[in-house]
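Spelled out, the chains give:
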Amino acid sequence: MQPIRVNRVLVTVLMAFAGIFFIMPFLWMLSASFKPELDVMKYPIQWIPETWRAIENYREVMFGTVPFGLYYWNSIKVTLATTAFSLTISSMAAYGFSKIAFKGRDFLFLVVLATFMIPSQAVLVPQFIIYRWFGLFDSHIGLMLLGASGVLGTFMLRQFFMGINNEIIESARMDGANHWSIFCKIAIPLVMPGLATYMILRFIWTWNDYQGPLVFLRSENLYTIQLGIRKFSDMHGEFYSLMMAGTVIAIFPLLLIFIFGQKYVIAGVASGSVKG
């Protein structure tokens, strides 16, 4: 027992040092966003600013020459809508591939799964042409539809739906329930950990997406936060305090969703791995 405890202590200490090492850049970014510009590059590093300029820095970012607040709102709108669309479509597809028997179901699922191996860059040109045809180019609706479906989400949620006992589905069918009622009232409540996991992951992926807005948006009033940061860096790239303040604002929703949702991600991944 003693060697095991020593090993655990060593692993804990090493993980603690690794955690500190990985979080140091974020702490420096946060500290720099509170400082005057002249204090950002001082050496040795002043982790706690001697002179605070937090209010001025963040005010300049949000209400300065770059409409950062508009870009922030655009990202929130696009991310929430895309997450809702993707969660709905992926969960319905996953239920169909797991609980509805139809000819060629498994083959069709393999075809859908195979599309996951195609790099997103390889289909940019066809997507661009199709969006121009349908008038969805340079619009938030087009950007939402771009990430509305997800192969990974369908695969992940299918593993959870397969964990539901088929006898429950058959009993509901015998009582006169159709698949839509079973999906909404029985299946969805049973796979909530999986839905929460995919919702959090989809939110993070969409919020951090740079390629989609870069290719499919042209109007500056439609820019998301990622394009807004690029424009902000073009205008204020020499002011590191302002750049760090803008970055902190940009990642703030991700920190919130990680802090409050990490337990659902861990529980969902663990549960899905057991059921799969």
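Source: prediction; values computed, not measured. All residue numbers refer to position in the chain's written sequence, counted from 1. Under the rules for a predicted model, residues below a pLDDT of 70 receive no local features and side-chain atom pairs below 80 are neither given nor counted, while totals for whole chains, interfaces and linings still include all residues. Derived side-chain values reflect all non-hydrogen atoms in the structure, with water molecules and hydrogen atoms excluded from consideration.

Draft legend 1. Representation of the overall build of the protein chain in the model. Secondary structure elements follow DSSP: runs of H or I of four or more residues count as helices, runs of E of two or more count as strands, with numbering from the N terminus. A tally of helices and strands in the protein chain yields 14 helices and zero strands. Beginning at the N terminus, the succession of helices and strands in the protein chain can be written as α-α-α-α-α-α-α-α-α-α-α-α-α-α. Two things to know: the radius of gyration comes from C-alpha atoms, and the globule rule equals 2.2 Å times the number of residues to the power 0.38. Computed over the C-alpha atoms, the radius of gyration of the protein chain is 23 Å, more than 25% above the 19 Å expected from 2.2 N^0.38 for a compact globule of 276 residues. Taken over the C-alpha atoms alone, the protein chain extends approximately 70 × 70 × 35 Å along its principal axes. Per-residue accessibility, obtained with a 1.4 Å probe over protein chains only, is compared with the maximum for each type, and a residue is labelled buried under 20%, exposed over 50%, and partly exposed between these values. Taking all 276 residues of the protein chain together, the buried fraction comes to 37%.

Draft legend 2. Highlighting helix H13 (residues 225-236). To estimate how far a helix should extend, the number of its residues minus one is multiplied by 1.5 Å. In this model, H13 (twelve residues) spans 15 Å end to end at C-alpha, consistent with the 16 Å of a helix rising 1.5 Å per residue. Of all the positions in H13, only Ile225, Gln226, Leu227, Gly228, Ile229, Lys231, Phe232 and His236 are classed as buried.

Draft legend 3. Region of interest: the side chain of serine 90. Position of serine 90 relative to the elements: it lies in helix H4 (residues 68-99). Contact criterion: two residues are considered in contact whenever any of their non-hydrogen atoms come within 4.5 Å of each other. Leave out the neighbours within four places in its chain, and serine 90 touches Gly150, Gly153, Thr154, Leu157 and Tyr198.

Draft legend 4. Geometry of the confidence of the model for the protein chain. Residue-level confidence of the predictor, termed pLDDT, takes values from 0 up to 100. Residues with a pLDDT of 70 or more make up 93% of the protein chain, whose mean pLDDT is 83. Looking over the protein chain, one finds the lowest element-wise mean pLDDT in helix H14 (residues 240-275), namely 74, and the highest in H4, namely 91.

Draft legend 5. Geometry of the environment of lysine 35. When you line up the elements, lysine 35 lands in the loop between helix H1 (2-32) and helix H2 (37-40). Overall, lysine 35 belongs to the buried group, its relative accessible area being 1%. Between the C-alpha atoms of lysine 35 and glycine 246, which are 211 residues apart in sequence, the distance is 13 Å. Here lysine 35 is in contact with Val40, Gln46, Pro49, Thr51, Arg53, Asn57 and Ser241, once residues within four sequence places are set aside.

Draft legend 6. Broad picture of a nonpolar patch on the surface. Like-charged residues are merged into a patch within 9 Å and nonpolar side chains (Val, Leu, Ile, Met, Phe, Trp, Tyr) within 5 Å, provided each residue has over 30% relative accessible area and no salt bridge. Working definition of accessibility: Shrake-Rupley area with a 1.4 Å probe, residue cover restricted to the visible protein chains. Here, a salt bridge means any side-chain nitrogen of Lys or Arg that lies within 4 Å of a carboxyl oxygen of Asp or Glu. A cluster of nonpolar side chains, Ile20, Ile23, Met24, Leu27, Tyr43, Ile45, Trp47, Ile48 and Trp52, forms an exposed patch at the surface whose accessible area comes to about 990 Å². In this structure tryptophan 47 comes out as partly exposed when scored by relative accessible area, which is 38%.

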